[in-house]
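Tertiary structure, described
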Amino acid sequence: MTGWSHHHVIDLSSFSLEDYREVLSLAHRFKSLPSSGTRKLPALQGRLVTTLFFEASTRTRSSFELAARSLSADVVNFTASGSSLRKGESVLDTALTYVAMGADVLVVRHSSTNVAAQLASELEKSGETTAILNGGDGLHSHPSQGLLDLYTLANYFNPLNPEPEALLGKKIAIIGDILHSRVARSNLWALTACGADVLLCGPPSLLPKEFENFVDAPPPGQELDPIKKRGRIHIERKLSEVLPYADAVMTLRLQKERMKENLLSTLDRYHNDYGITHQSLKLCQKSVPVLHPGPVNRGVEMSGELLADRSICLVEEQVKNGIPIRMALLYLIAAVEAKKANI
Ligand code: NCD
């Protein structure tokens, strides 16, 4: 292991190029394991990973569970419905309950921004060594999704060596509801760190102008940006202004549950202007891969036909890559702990 030093993983804004390299190369090795006959590694034997999801999830929670089990960890899953939250127990007390049960890692998802960061700081204040892995907090950050998207793209551009440099100079179009997307925010940090330019496209109500400066300075509480030179972010309002230049297209779900007011005229109009379909992809100058973090609203941000077209749609590949990426994160976090304890 080289320079990895993250005990908690909350946001990708603090990731160095070496961090990205380490996660991608480890994930790539883990991904090749099933075909070489190794189904489980003993790396996390005797460790307890708890998924603490206060918000709905299909892919992220199951993928963390499979990743932890592939490394031989024990796994406990908490889901908000049916828990003591209904009796008024707080998020912190819920987390502390699992810490008391011996959780080494808490994977946390919550609809409010900064819950993962607050839990991490509370645990540190009370001298607990449990690591927090952010499984998505409000609109803010979804680091494991940003990393699996990065890996999926690196693997597409350079299947033999999917390292961060595979993204250098590439133009990645991100389309749609950027404002409400923690996935878009994590992708902005990851893609620009690896030297890709990001072309954001959406209506002003879902893509405010300020996003152009999103990576210009580290977020509050972080002093320095570990990346010397990031790729740039451009904003356009029409698909015809981004697709001709794109090397890859990522489209996002309209996150209606996160909208404070109705920001859309009609879904038909949205699909017409921003829907990614075989027809709209004719604006591209070449065949480009299409990504979506899921869940997809078929016929809104992407057509059902395109979703089923495996020759260009990488959605299934993203889901598959989620497991080795999350294995890499769990493995690296455990290795930091072992280093500290001199095991
Ligand atoms: C995303 C999420 O929950 O932020 N989904 C995911 O984790 N794969 C995106 C979304 O909700 O649209």
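Residues numbered from 1 in each chain as written. Predicted model: local features only at pLDDT ≥ 70, side-chain atom pairs only at ≥ 80, totals over all residues. Heavy atoms only, no water.

Considerations on the packing of helix α5 (residues 143-157) against helix α10 (residues 315-340)
- Contact pair α5 / α10: the axes reach a minimum separation of 8 Å and the direction vectors enclose 115 degrees. For the crossing formed where α5 meets α10, the hand is right-handed. When α5 is examined against α10, the residues Ser 144, Gln 145, Leu 147, Leu 148, Asp 149, Tyr 151, Thr 152 and Asn 155 are found in contact with a partner set consisting of Glu 317, Gln 318, Asn 321, Gly 322, Ile 325, Arg 326 and Leu 329.
- Partitioned by chemical class, the residues of the contact of α5 with α10 number five nonpolar, seven polar and three charged. (Axes fitted to C-alpha atoms, helices over the stretch in contact; angles between N-to-C directions. Helix = DSSP H or I, 4+ residues; strand = E, 2+ residues; numbered from the N terminus. Left-handed = near helix turned anticlockwise from the far one by under 90°. Contact = heavy atoms within 4.5 Å. Nonpolar A, V, L, I, M, F, W, Y, C, P; charged D, E, K, R; others polar.)

Focus: the site of the ligand
- In the region of the ligand, 12 residues are neighbours, and His 142, Arg 182, Arg 253, Pro 293 and Gly 294 sit closest.
- Between the ligand and Thr 60, the relevant distance is 3.0 Å, taken from an oxygen atom to a side-chain nitrogen or oxygen of the residue.
- In the environment of the ligand, a nitrogen atom lies 2.9 Å from a nitrogen or oxygen atom belonging to the backbone of Gly 294.
- Taking 320 Å² as the accessible area of the ligand by itself, protein coverage stands at 95%.
- Across the shell around the ligand, the residue classes break down as two nonpolar, five polar and five charged.
- When we break the shell around the ligand down by domain, the ones giving at least three residues each are domain 1 (17-141 + 321-340) and domain 2 (144-318). (Near = heavy atom within 4 Å. Polar contact = N/O pair within 3.5 Å; in protein donor to acceptor, adjacent residues only side chain to side chain. Areas by Shrake-Rupley, 256 points an atom, 1.4 Å probe, with all protein chains shown as cover. Domains from an automatic or database assignment.)

Brief notes about helix α2 (residues 59-70)
- Taking 1.5 Å of rise per residue, 12 residues should cover 16 Å, and α2 covers 16 Å from first to last C-alpha, within 8% of that figure.
- Lining the buried residues of α2 we find β1 (48-53), β2 (74-79), β3 (105-110), β4 (131-137), α5 and α10.
- Looking one or two residues past α2, Ser 72 carries a phi angle of roughly 70 degrees, positive in sign. (Expected span 1.5 Å × (residues − 1).)

Details of the sheet that holds strand β6 (residues 197-201)
- The parallel open sheet is built from five strands, whose spatial order is β7-β6-β5-β8-β9. This sheet does not close on itself; its edge strands, each paired only once, are β7 (233-236) and β9 (290-291).
- Pairing between strand β5 (residues 171-175) and β6: five bridges, direction parallel. Directly across from Ala 173, in β6, lies its bridge partner Leu 199. (Pairing = 2+ DSSP bridges.)

Nothing here speaks to function; it is all geometry.
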